[in-house]
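Inside the fold
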Amino acid sequence: MRTSITQIMNEGVLQLCTPSGRVLSEFNFNTLGLSSNQTELLSKAFIPLAGHTSLESQRQYWRSIRKFAQCRVRLGHASDLSFAKNVVAEFADFLIAEDLSASTCQSHFNTVKNLLAWGQRNYPGLFKNGISVVARKFNRDEPKPRNYLDEIQQKIVLRACYAEMKEVEARLQGGARFFSDAELLGSEKELARLIKELTVIGNGFLPTQKTLNATGNYLQRQLAKVGGLRHLNRLLWMTPEAMFPYYLAIVIQTSGNPMAIKDLSVSCIRSHPLRDDIERLVWEKPRARSEQIIDFPKGKERTAPNLVRRYANLVLNLRGHCAEGEIDRLFICLQLTPRKVAVPCMQLMHLMLDSFIKK
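Quantities reported herein were computed from a predicted structural model and do not represent experimental measurements.

What counts, and where the lines are drawn
Residues numbered from 1 in each chain as written. Predicted model: local features only at pLDDT ≥ 70, side-chain atom pairs only at ≥ 80, totals over all residues. Heavy atoms only, no water. Helix = DSSP H or I, 4+ residues; strand = E, 2+ residues; numbered from the N terminus. Buried < 20%, exposed > 50% of the residue type's maximum accessible area, 1.4 Å probe, protein only. Contact = heavy atoms within 4.5 Å. Pairing = 2+ DSSP bridges. Axes fitted to C-alpha atoms, helices over the stretch in contact; angles between N-to-C directions.

A few words now on the side chain of Gln58. Mapped onto the secondary structure, Gln58 falls in helix H2 (residues 55–74). For Gln58, a relative accessible area of 0% puts it in the buried group. Ignoring anything within four residues of it in the chain, the contact list for Gln58 reads Ile5, Gln7, Leu16, Phe27, Phe46, Ala50, Gly51 and Thr53.

Strand order in the open sheet formed by three strands is S4-S5-S6, and the pairing between neighbours is antiparallel. Single-partner strands in this sheet number two, and they are strand S4 (269–271) and strand S6 (290–297). Pairwise comparison of adjacent strand axes, ignoring direction, gives a mean angle of 35° for this sheet. The sheet contact formed by strand S5 (residues 278–285) and S6 spans eight bridges and is antiparallel. Following the sheet pairing, Glu279 is matched in S6 by Phe296.

Strand-to-strand pairing in sheets goes through backbone hydrogen bonds, with the strands running parallel or antiparallel. Read from one edge to the other, the open sheet built from three strands follows the order S1-S2-S3, with strand pairing classed as antiparallel. Of all strands in the sheet, those bounded by a partner on one side alone are strand S1 (6–10) and strand S3 (23–28). Recorded for the sheet is a direction-independent mean angle of 20° between the axes of neighbouring strands. For strand S2 (residues 13–17) and S3, the ladder comprises five bridges, and the chain directions are antiparallel. In the sheet register, Gln15 faces S3, and the bridge partner there is Glu26. Packing of H2 onto the sheet brings it into contact with S1, S2 and S3, and relative to S3 it is tilted by some 15°.

Have a look at this one:
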C-alpha cells in the first residue's frame, strides 16, 4: 500500500510528511533564485498538480521545477515579474542544449508546460500576452536492444551479492557484541566504553559530526583512533550500502519491478496453500491493484524468502526507530545525511548500484 503523504507548506518550503509528521522530502522554493511572482506561482501550482501522486513522482516534479528555474536564471529571466509568450519554447530549446536524453527532456517539458498552463488560468496577471502552449515532441533515437543478463551473468552478480552479505553479517554480528553482555577483550572494552558514551550523546545512535564538534576535542580524538564516525556506523547498524546486495539479490531472484521490491513488506513471506515444501514471496503491484506471487523451495539458504528473514533480523535494532509510514517496510536502514531510519529513495538506489558495479 502506498504511504500516505501530507503536504505542509510554510513560507515557500514544502514538506512531504507521513501522517505522524515525519518528513520524507523537503522542497525549498525560496532557493530557486527567481522573483517572488515566479516563485509564488510554482509553489502554489505544486500541490494541485502533483500532490495526489506518489512520493517518487513528487520528487520528479520538483526536479523539473528546479530545471525550469535553472533555465530562467541562465536566460536572464530570474528577476522577471511576468512570463513572456514564448516561455515554453524557450524552455524546450534550453532542454535540448542541456544534452539530456529525449525521454528526460519530454518529462521536464510536460511538467513545466502543465505548470504554466495552470499559472495562466490562476495567475493571469503574470501572462499579459498569454503563452504559446503547444505540444512538443523531442526526437528520440531508435530503441536500442536491452542488455539482459543471461543465467551465467546473473550467477556472477549473485555471487558478488552473497560475498557482500557475508561481510556485512560478520561486521554487524561483531558490532552487536558491544551492546550485549558478551565478554570483551581489553581493547574491545575501551571501544565499548566509547560507543556507549557516544550513543548517550546521540540519543541511541552515534552523534552527527555537528553534535560531536560541540563536545570538544577529546571524543573526536578517541573516535579518530578507531576509524571515525562512518566506520563505527557501518560496524553497528545497517547502512544503505550494506543493504544494497540484499535488495539486488532479491530483485534478480524474483525478476520483480525494482520500485515494487524496494517497498517489500517485512511480512512478505507466506505459506503455500497446498505444499509444505514451498513458500511464497508476495508483493503489491499498485498500478494493477493486484499481488505478485513467486514460489521458492524451502530449505535453501539463499532463496529470496531466506534473504528476507536474514535482512529483517539484521535491522531489528532499527525497527523501533522507524516512523509510522515505514514501520512495516523490509529494507529500512540507517541513513546518515540526513539522519533517519527509512527505506532509501530510488535515486539513492541508483547511486548504490553504480557503486556496486564499480566495486
